[in-house]
Amino acid sequence: MKKLLTTILSLGLAASAALAANPAITAVKVSDSLDTIKADSAAWSKAKFETVILYPQTAIEFNDKKANALVANAKGKKAQVAALHDGKNIAIMVKWADKTKDVEQCMSSDVYTDGFAVQFAGATKKAQPLPYIGMGSEGRPVVVHLQKATAKVYEPNGNKDVSTQINRQQTGVFGKELADFDAKVASLANTDYERVFVGEGFRSLTEVKDKSIKSNGAMVHGPAGWSGTLSRPLKDEYVNLNGTVPVSIAVWDGSSMGRNGLKNLSSWVAINLEGQKANSAMVGELTTDAKGDAAKGKEAAATNGCTGCHQMTAADAPSLLGPSLKNVGGYSTAEYLRESILKPSAVVVPGYNRNAHANTPWYNIEKGKRVSTMTDFSFLDKATVDDIVAYLKTLKSEVE
Ligand code: HEC
């Protein structure tokens, strides 16, 4: 009887563990060259999709009331993610449901667009904890590939070639000449919004415009929602991807104010390059649950005053003294949470909003460095920290 009970219990635990952490993804090795792969390329038939959960980023208050209201009720989103590699490039496909197609139109700035981003950890000289999700942190660079949905713009903007800025009916040409005109306009038309950024923390996210990062992104909308694809070299001057590649995925929904409001993002997810030696420590970190006791951790968070500065669940009043932690378990690794408790200044959460939190700064500048105003909890014993981390990992909204 006892044995049966433990079996049932361990089965239950295994099931909840499977629900909690994102699985590792295998980047299937293919012989097709991936540098120009599209969403409809045949190579994707070999891909193995896994479900990754993207949680609403709710750490900071916005200035905009409507954005705050949208974020307050936001849910987690499921995405299907697969990867391929050809030894030189990695290709990633992200599929997610989105009923409304919000596309950037010519000249309009009042439409929020759907979009997605894939973030890679930048190459560093020594092994580092993974960078802060979203924009990296000091000494831990990231490379972010961002793609937005854009419509075809008829008149090529900024091209200064007046000969292509007229209606085709007014060209006065026919047949092949008209076809050539159409082709020229199409080739000049601004149809793609694709940007690559590198960052090492708050305010450092800068666009790479010199083409030193190759990026091939695209988005296709169908009945089930969006499919976004991206391919990039495994190695360039910014990244050196081998064995296990950690990535983080974000999606924006234009109808929820897109980039200005709600963003859903995943924690770091491990992608193993087929045929290469996986980094088992990293795979373990990213695919297994935190080891502590979450119920004890909840008590420890209350007795140690964490709840005085942080909103832990949607039911708690928002606190201006620190970021909201109500989804922190959804997009943070256990290691990051441990570091936040033991060394608050190692990563100072970016995006602190001076308007929303005017009298309660999250950091002070000391000798040119940001020093967190969070209490240093390095005095806590290891078991208590494990318990608190396990509790923080449970903090996340329901999934759509
Ligand atoms: C005096 C207020 C205060 C207390 C008490 C406090 N924190 Fe914080 N915490 C902050 C501030 C401010 C930040 C943002 C600056 C930074 O990154 O350190 C923060 C950041 C964090 C983050 C990073 C959040 C993110 O979005 O990445 C975590 C996790 C965290 N705290 C957990 C805790 C836990 C667990 C406790 C209790 C053991 C605690 N905090 C106690 C003020 C506090």
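Residues numbered from 1 in each chain as written. Predicted model: local features only at pLDDT ≥ 70, side-chain atom pairs only at ≥ 80, totals over all residues. Heavy atoms only, no water.

## Concerning the overall build of the protein
Formally: The helix count covers DSSP runs of H or I at least four residues long, the strand count covers runs of E at least two residues long, and both are numbered beginning at the N terminus. Any two residues whose heavy atoms approach within 4.5 Å are treated as being in contact. In these tables, accessible area is a Shrake-Rupley quantity obtained with a 1.4 Å probe, and a residue counts as shielded only by the protein chains included in the view.
The helix and strand tally for the protein stands at 9 helices and 15 strands. Across the protein, every contact between residues at least 6 apart in sequence was considered, and the portion connecting residues at least 24 apart equals 72%. Here the protein displays about 20700 Å² of accessible surface, and carbon together with sulfur accounts for 54% of that area.

## So, the coordination of the iron atom of the ligand
Short version of the rule: Counted as coordinating are nitrogen, oxygen and sulfur atoms within 2.8 Å of the metal, or 3.2 Å for Na, K and Ca, while water is not included, which may make sites look incomplete. Donor angles set the geometry label: tetrahedral for four donors if every angle is between 85 and 135 degrees, square planar for four and octahedral for six if opposite donors exceed 155 degrees and the others are between 65 and 115, irregular for anything else.
Coordination of the iron atom of the ligand by the protein comes from His310 (NE2) and Met374 (SD), over a distance range of 1.9 to 2.2 Å. Taken together, the 6 donor atoms coordinating the iron atom of the ligand and their angles of 87 to 178° define a geometry best described as octahedral. Residue His310 is located in the loop between helix H6 (306-309) and helix H7 (328-331), and its partner Met374 is located in the loop between strand S15 (369-372) and helix H9 (382-393); the two are separated by 64 residues in the primary sequence.

## Brief notes about the site of the ligand
Counted only if it meets this: Nearness is defined per residue: one heavy atom within 4 Å of the molecule or strand is enough. Between N or O atoms, a polar contact is any pair within 3.5 Å; within protein, one atom must be a potential hydrogen donor and the other a potential acceptor, and residues adjacent in sequence are included only when both atoms are from side chains. Nonpolar residues are Ala, Val, Leu, Ile, Met, Phe, Trp, Tyr, Cys and Pro. Charged residues are Asp, Glu, Lys and Arg, and all others, Gly as well, are polar.
Lining the immediate environment of the ligand, one finds 27 residues, of which Cys306, Cys309, His310, Tyr336 and Met374 sit closest. Contacts to the ligand include Tyr336, whose side-chain N or O atom sits 2.5 Å from an oxygen atom. Take Val347: an N or O atom from its main chain is 3.2 Å from an oxygen atom of the ligand. Going through the elements one at a time, H6, helix H8 (334-342) and H9 are the ones with two or more residues in the shell around the ligand. For the shell around the ligand, the element with the highest residue contribution is H8, accounting for 4 residues. Here the shell around the ligand is built from residues that sort into 20 nonpolar, 7 polar and no charged.

## Re the packing of aromatic side chains
Let me state the cut-off plainly: Ring pairs shown here join Phe, Tyr and Trp side chains whose ring centres sit within 6.5 Å, with only the six-membered ring taken for Trp; geometry is labelled stacked below 30 degrees between planes, edge-to-face above 60, and tilted in between. Partly exposed describes any residue whose relative accessible area lies between the buried limit of under 20% and the exposed limit of over 50%, with all areas from a 1.4 Å probe on protein chains only and scaled to the type maximum. Two limits define a charge over a ring: the Lys NZ or Arg CZ must be within 6 Å of the ring centre, and within 35 degrees of the ring normal.
For the structure on display, the rule yields 3 aromatic pairs. Note on Phe377 and Phe379: the rings are 5.8 Å apart at their centroids and 40° apart in plane angle, and the pair reads as tilted. For Phe377, a relative accessible area of 8% translates into the label buried. Classification of Phe379 as exposed rests on a relative accessible area of 58%. One residue, Lys95, lies across the ring of Phe49, its end atom 4.3 Å from the ring centre. Across from the ring centre of Phe120, 5.5 Å away, lies the NZ or CZ of Arg232, which sits over that ring.

## Here we look at empty space enclosed by the protein
Going by this rule: Cavity means a closed set of points on a 1 Å grid over the protein atoms alone, one where a 1.4 Å probe fits but cannot get out, pocket means an open set with protein on both sides within 12 Å along at least 5 of 7 lines, and lining means a residue has an atom within 4 Å of a point. Grid points are joined across faces, edges and corners, and a volume is the space filled by probe spheres set on the points.
This structure, assessed with the given rule, holds 1 cavity of 30 Å³ or more. What lines the largest cavity is simply Phe116, His145, Leu146, Gln147, Glu194, Ser215, Gly217 and Leu230. At 3 residues, strand S6 (residues 142-148) tops the list of elements feeding residues into the lining of the largest cavity. Looking at the lining of the largest cavity residue by residue, the class counts come to 3 nonpolar, 4 polar and 1 charged.

## Here's the deal with helix H3 (residues 175-188)
We count it as follows: The span expected for a helix works out to 1.5 Å for each residue beyond the first. The directions considered for the arc are those from the helix axis to the C-beta atoms.
Helix length check: H3 (14 residues) gives 20 Å between terminal C-alpha atoms against 20 Å at 1.5 Å per residue, within 8%. Buried within H3 we find Leu178, Phe181 and Val185. Angular distribution of buried residues about the axis of H3 spans 55°; they occupy a single face of the element. Pointing more than 90 degrees away from the buried face of H3 are the exposed residues Gly175, Lys176 and Ser187.

## What about the packing of helix H5 (residues 294-303) against H9?
Selection rule: To obtain an axis, a line is fitted to C-alpha atoms, over the contacting stretch when the element is a helix, and the angle between two such axes runs from 0 to 180 degrees between their N-to-C directions. Each angle gets one of four labels, with under 35 degrees taken as roughly parallel, over 145 as roughly antiparallel, 65 to 115 as roughly perpendicular, and the rest as oblique.
Direction vectors running N to C along H5 and H9 enclose 100°, while the axes themselves pass 7 Å from each other. With respect to H9, the axis of H5 lies roughly perpendicular. Residue-level contacts link Ala294, Lys296, Gly297, Lys298, Ala300 and Ala301 of H5 to Thr384, Asp387, Ile388, Ala390 and Tyr391 of H9. Taken together, the residues that form the contact of H5 with H9 break down as 6 nonpolar, 2 polar and 3 charged.

## Some words on H5
Buried within H5 we find Gly297, Ala300 and Ala301. What you see down the axis of H5 is that its buried residues fit within an arc of 105°, all on one side. Those residues of H5 that are exposed and aimed more than 90 degrees away from the buried face are Ala295, Lys296, Lys298, Glu299 and Thr303. As for H5, its buried residues are in contact with H6 and H9. Between the side-chain oxygen of the N-cap and the backbone nitrogen of Ala295 there are 3.0 Å, and the N-cap of H5 in question is Asp293. Taken from the residues just after H5, Gly305 is the one with a positive phi, measuring 85°.

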